[in-house]
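Topology and contacts: notes
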Amino acid sequence: QVQLVESGGGLVQPGGSLRLSCAASGSIFSISTMGWYRQAPGKQRELVAAFESTGFTNYAEFVKGRFTITRDNAKNTVTLQMNSLKPEDTAVYYCNAAGLYLRTGWVDELWGQGTQVTVSS
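Before going into details, it helps to say that this report is about the structure given with it. Within each chain, residue numbers correspond to sequence positions counted from 1 in written order. Given that the model is predicted, a residue must reach a pLDDT of at least 70 before its local features are reported, and side-chain atom pairs must reach 80 or more before they are shown or counted; all residues, however, enter totals for whole chains, interfaces and linings. Think of the side-chain values as coming from all heavy atoms in the structure, minus any hydrogens and water.

Turning to the overall build of the chain, a few remarks are in order. Counting from the N terminus, the helices are the DSSP runs of H or I reaching at least four residues and the strands are the DSSP runs of E reaching at least two. Of the regular secondary structure elements, the chain holds zero helices and 11 strands. The secondary structure elements of the chain, listed N-terminal to C-terminal, are β-β-β-β-β-β-β-β-β-β-β. Computed over its C-alpha atoms, the radius of gyration of the chain comes to 14 Å, within 12% of the 14 Å expected for a compact globule of 121 residues. If one aligns the C-alpha atoms of the chain with their principal axes, the spans along those axes are about 45 × 25 × 25 Å. Considering the chain as a whole, with its 121 residues, one finds that 40% of them fall into the buried category. Contact definition: two residues touch when any of their heavy atoms are within 4.5 Å. For the chain, restricting intrachain contacts to residue pairs at least 6 apart in sequence, the fraction spanning at least 24 positions comes to 55%. Throughout, the Shrake-Rupley method with a 1.4 Å probe supplies accessible areas, and for residues the shown protein chains are the sole cover considered. Split by element, the accessible area of the chain, about 6,400 Å² in all, is 48% carbon and sulfur. The quantity called the radius of gyration is restricted to C-alpha atoms. Its globule counterpart is 2.2 Å times the number of residues to the power 0.38. Exposure classes here rest on a 1.4 Å probe applied to the protein chains alone. A residue is buried below 20% of its type maximum, exposed above 50%, and partly exposed in between.

Rendered as structure tokens:
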């Protein structure tokens, strides 16, 4: 069974930094895109950053210059380094993997369980 396991998150003061990590476990041949989404209370889930297998990265405007996404294709991991955090970054952050080619077949999309990030003084 393939799953996404997240780590990181927590409480940080405004201007601080956090690092989120996500590892896809299981019999995986390849993953097209790995990325991070977030959902704040009362709001829809939104893309934060994504990293395609081609090396192309995509960032939401509200995190450009502050967050950096990295990916290790060999280990099927993706990391989000978050700097200069703001209170409005407070949300549950979800790891996402899209276009998974597994030993058992093709899977369109998987989600992690989510990790809370709270930015507050």
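Criterion for a disulfide: a pair of cysteine sulfur atoms at a distance within 2.5 Å. Taken as a whole and judged by the stated rule, the model has one disulfide. The disulfide that involves Cys-22 links it to Cys-95, with 2.0 Å between the sulfurs. Between Cys-22 and Cys-95, the S-S torsion sits near -80°, and that sign places the bridge as left-handed. With a gap of 73 residues between them, Cys-22 in strand 3 (residues 18-25) and Cys-95 in strand 9 (residues 91-102) connect regions that are remote in the sequence. Across this residue pair, the class does not change: Cys-22 and Cys-95 are buried.

Position of Thr-115 among the secondary structure elements: in strand 11 (residues 115-119). According to the relative accessible area criterion, Thr-115 is buried, its value standing at 11%. A 3.5 Å cut-off defines polar contacts: any pair of N or O atoms within that distance qualifies, except that in protein one atom must be a possible hydrogen donor and the other a possible acceptor, and neighbouring residues in sequence count only when both atoms are side-chain atoms. A polar atom in the side chain of Thr-115 sits 2.9 Å from the backbone oxygen of Gly-8. Contacts of Thr-115, omitting those with residues within four sequence positions, involve Glu-6, Gly-8, Gly-9, Leu-20, Ala-91, Val-92 and Tyr-93.

Moving on to the environment of Ser-25. Inspection of the secondary structure puts Ser-25 in strand 3. Note: C-alpha distance between Ser-25 and Val-5 (20 residues apart in sequence) is 7.6 Å. Sequence-distant contacts of Ser-25, defined by excluding residues within four places in its chain, comprise Gln-1, Val-2 and Gln-3.

Next up on the list: unusual backbone geometry. Positive phi, normally seen in glycine, also occurs at Asn-76, with a value near 55°. Tracing the backbone through its elements, the reader meets Asn-76 in the loop between strand 7 (67-72) and strand 8 (77-82). Judged by its relative accessible area of 13%, Asn-76 is buried. A positive phi angle is found at Ser-84, which is not glycine, with a value near 50°. Taking relative accessible area as the criterion, Ser-84 reaches 40% and is therefore assigned partly exposed.

Okay, a nonpolar patch on the surface next. On the surface, a nonpolar cluster with roughly 390 Å² of combined accessible area is contributed by Phe-29, Tyr-101 and Trp-106. Overall, Trp-106 belongs to the exposed group, its relative accessible area being 53%. Two joining distances apply to patches: 9 Å for like charges and 5 Å for nonpolar side chains (Val, Leu, Ile, Met, Phe, Trp, Tyr), and every residue must have over 30% relative accessible area and no salt bridge. Here, a salt bridge means any Lys or Arg side-chain nitrogen found within 4 Å of an Asp or Glu carboxyl oxygen.

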